[in-house]
Amino acid sequence: MTPEYHSHLATDEHGRRGGDEGAVRELFRRLLEAWAAGDAERYGALFTEDADYVAFDGVNQKGRAAIVGGHRPLFEKWLKGSALTGEVTGVRFLAPDVALVHASGGTLLKGKKKPDATRRSIQSLVAVNGEDGWRFTSFHNTRVRGIGSFQGVLLWKMTDTLWRLFGPR
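Just so we're clear, the structure is a prediction, and the values are computed from it rather than from any experiment.

Novice: Mind showing me how you'd approach the confidence of the model for the protein here?
Specialist: Regions with low pLDDT carry predicted coordinates that are not meant to be interpreted in detail. For the protein, per-residue confidence averages 86 on the pLDDT scale, and residues scoring 70 or more make up 89% of the total. Note that pLDDT drops below 50 for residues 1-10; the model gives that stretch 18 contacts with residues more than four away or on any other chain.

Novice: Honestly, a nonpolar patch on the surface in this entry has me stumped. Any pointers?
Specialist: Together, Phe-150, Leu-154, Leu-155 and Met-158 line one region of the surface with nonpolar side chains, adding up to about 440 Å² of accessible area. Here Phe-150 shows up in helix α4 (residues 150-166).

Novice: How should I be thinking about the layout of surface pockets in this particular structure?
Specialist: It is a probe the size of a water molecule, rolled over the atoms, that shows where empty space is left. Approximately 470 Å³ is the volume attributed to the largest pocket. The wall of the largest pocket is formed by 27 residues, among which Trp-35, Tyr-53, Phe-56, Asn-141 and Arg-143 lie closest to the centre. Put simply, the parts of the chain that give the lining of the largest pocket at least two residues each are α1 (20-37), α3 (64-78), β3 (83-95), β4 (98-108), β5 (121-130) and β6 (133-143). Taken together, Phe-56, Thr-142, Arg-143, Val-144, Arg-145, Gly-146, Ile-147, Gly-152, Leu-155, Trp-156 and Thr-159 make up the full set of residues lining the second largest pocket. Those elements that place two or more of their residues in the lining of the second largest pocket are β6 and α4. No other element matches the four residues that α4 contributes to the lining of the second largest pocket. The residue makeup of the lining of the second largest pocket, split by class, is five nonpolar, four polar and two charged.

Novice: Would you mind showing me how to read the pattern of salt bridges here?
Specialist: Close approach of charged atoms lets side chains of opposite charge pair. As enumerated under the stated definition, the model contains seven salt bridges in all. For Lys-62, the salt bridge goes to Asp-52, with nearest N and O atoms at 2.9 Å. Pair noted here: Lys-62 is in strand β2 (residues 60-62) and Asp-52 is in strand β1 (residues 47-54), with a separation of 10 residues, a long-range link. Note on Asp-52: relative accessible area 28%, which makes it partly exposed. Linked by salt bridges that have partners in common, Glu-26, Arg-29, Glu-33 and Arg-42 make up one network.

Definitions and limits used
- Residues numbered from 1 in each chain as written.
- Predicted model: local features only at pLDDT ≥ 70, side-chain atom pairs only at ≥ 80, totals over all residues.
- Heavy atoms only, no water.
- pLDDT = per-residue confidence, 0-100.
- Contact = heavy atoms within 4.5 Å.
- Patch = residues over 30% accessible without salt bridge, like charges linked within 9 Å, V, L, I, M, F, W, Y side chains within 5 Å.
- Areas by Shrake-Rupley, 256 points an atom, 1.4 Å probe, with all protein chains shown as cover.
- Salt bridge = Lys/Arg side-chain N within 4 Å of Asp/Glu carboxyl O.
- Helix = DSSP H or I, 4+ residues; strand = E, 2+ residues; numbered from the N terminus.
- 1 Å grid on protein atoms, 1.4 Å probe; cavity = no way out; pocket = protein on both sides within 12 Å on 5 of 7 lines; lining within 4 Å.
- Points joined across faces, edges and corners; volume = space filled by probe spheres on them.
- Nonpolar A, V, L, I, M, F, W, Y, C, P; charged D, E, K, R; others polar.
- Buried < 20%, exposed > 50% of the residue type's maximum accessible area, 1.4 Å probe, protein only.

Laid out in structure tokens, this is it:
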């Protein structure tokens, strides 16, 4: 089903409707809450039916059902009891009902008091305002891996070599 967009509503000089930036930020907050609850259905409901979701490892889940299916085992086993920490670092409206969102954060593993530094990430998301309100239609997660130091270059080179040797063919 193609969402019905509400572009006929009045916008300010930046193409934003009153309250929309807050609604987009709230959508991201709900994403963090759904993860912390370990609820794959609730997490997936924050995305459009045809969303594209690219995880930190490059896996591309296409569609809400794939997002739910991909997150269910994470929440039930590998990342059970974890929480996402994060904040929206910027919202830019590309059109009245389309927002580019940048965020940063990390993963707070079960039993830990602070996020694991190796899981620090930045995200680019696209939110659209359709008949169900604001939903993410695109999500791209990238781990922060600075290679500006000798150690950073060495770690990058080692993991890149290991991936070439043992990664999928």
